[in-house]
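Observations on the model geometry
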Amino acid sequence: MIQPCSGWRGAEGMREGCCVGDWNELGPVCTARAANAGSQRAPRGGVPSLGFTGDTGRVLGLSLSAEAMKINQNTVLQGQRVTLVPYTSAHVPRYHEWMQSEELQRLTASEPLSLEQEYEMQRSWRDDADKCTFIVLDMERWSGQACADEDCMVGDVNLFLTNAEDPTLGEIEIMIAEPSYRGRGFGKEATLMMMSYGVKNLGITKFEAKIGQENEPSICMFKKLHFKEVAVNSVFQEVTLRLDVSDQERQWLLEQTNHVEEKSYVELKLPAGVLET
């Protein structure tokens, strides 16, 4: 049975089975897409503005962190089960196909987009400085250029800057869209890889995940990654879980991802070594 899972507006994701035992039972965590704005699945509260006045040091810090969100445009992260690649136009048709599913639309609180709208959404996400998005690929199928990215796509994983006053806080979201990949550890590894990338490359020291209040399995999953419940929103029927990355937590996270290799997307995949602009 597919059960609702993590999302910023309640039951906007799904998970296969229940969260007991091995963390490899992690299924997809889906979040809502905005069908008419320039931001896809943006966390509630919208995009933080970089133009506020006041503490100039805080503005500078936010600007630097926000610009850092674009650095993954030529980044490939290779793990054991999954490979993370930047979201490019080549991935849009498959992503669009996923989102034609009534089940995914319902679970992500999404409206169907046209293919052209999906391309526009991808361009917006590529250019936004406050988001970091990777497409999750099946490592085994993709390695050695055995098949094109779009034939190996499993889901996506995202980090958002959610607090204009604290650029070290990132909201993490993951979606495993392919049913056959749920419950096999792909979501777990992709989440850990993104967290490690955020800590090492983006200066993230705190993570949050917003989960439907009734979603005990999803809450359990994040708690297995040392997240702690810090707030309950009765209006949106959701809980907020948080992980403060202490020195000890950082060491644990890096140990969990010490197998991950970072490589150049241009050199590995894109024809003629030309980065998409």
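Everything that follows concerns the structure shown earlier in this document.
Residues numbered from 1 in each chain as written. Predicted model: local features only at pLDDT ≥ 70, side-chain atom pairs only at ≥ 80, totals over all residues. Heavy atoms only, no water.

**Side note on the pairing of strand E9 (residues 228-233)**
The side chains of a regular strand alternate between the sheet's two faces. The test is simple: A pair of strands is labelled paired if DSSP reports no fewer than 2 bridges between them. Only DSSP runs of H or I reaching four residues or more are called helices, and only runs of E reaching two or more are called strands; each is numbered from the N terminus.
In terms of strand pairing, E9 meets strand E10 (residues 238-244) through five bridges, oriented antiparallel. From the neighbouring strand, alanine 231 faces E10, where its bridge partner is threonine 240. Taken together, E9 and the strand that follows it, E10, pair antiparallel across an intervening segment of four residues, in which glutamine 237 is found at a positive phi of about 55 degrees.

**Topic: the pairing of strand E3 (residues 75-78)**
Stated formally: Note on classification: 1.4 Å probe, protein chains only; a residue is buried when its accessible area is under 20% of the maximum for its type, exposed when over 50%, partly exposed between these limits.
Side-chain alternation along E3 places Thr75 and Leu77 on one buried face and Val76 and Gln78 on a second face that is also buried. Note that E3 and strand E11 (residues 261-264) share four bridges and pair antiparallel. Its bridge partner lying in E11, leucine 77 is registered against glutamate 262. With two bridges connecting them, E3 and strand E4 (residues 82-86) associate as antiparallel partners. If you follow glutamine 78 over to E4, its bridge partner there is threonine 83. Here E3 folds back onto E4, and the loop between the two strands holds three residues.

**Description of the sheet that holds strand E8 (residues 206-212)**
To keep it simple, the criterion reads: Geometry is summarised by axes, namely lines fitted to C-alpha atoms with helices restricted to the contacting stretch, and by angles between N-to-C directions that run from 0 to 180 degrees.
Spatially, the nine strands line up as an open sheet ordered E9-E10-E8-E7-E6-E5-E4-E3-E11, and their pairing is mixed. With one partner strand each, in any of the chains shown, E9 and E11 form the two edges of the open sheet. Going from strand to strand, the sheet's axes swing by 25 degrees on average, the running direction of each strand aside. Across seven bridges, the pairing between strand E6 (residues 153-161) and strand E7 (residues 169-176) is antiparallel. Note that in E7 the partner of asparagine 158 across the bridge is glutamate 173.

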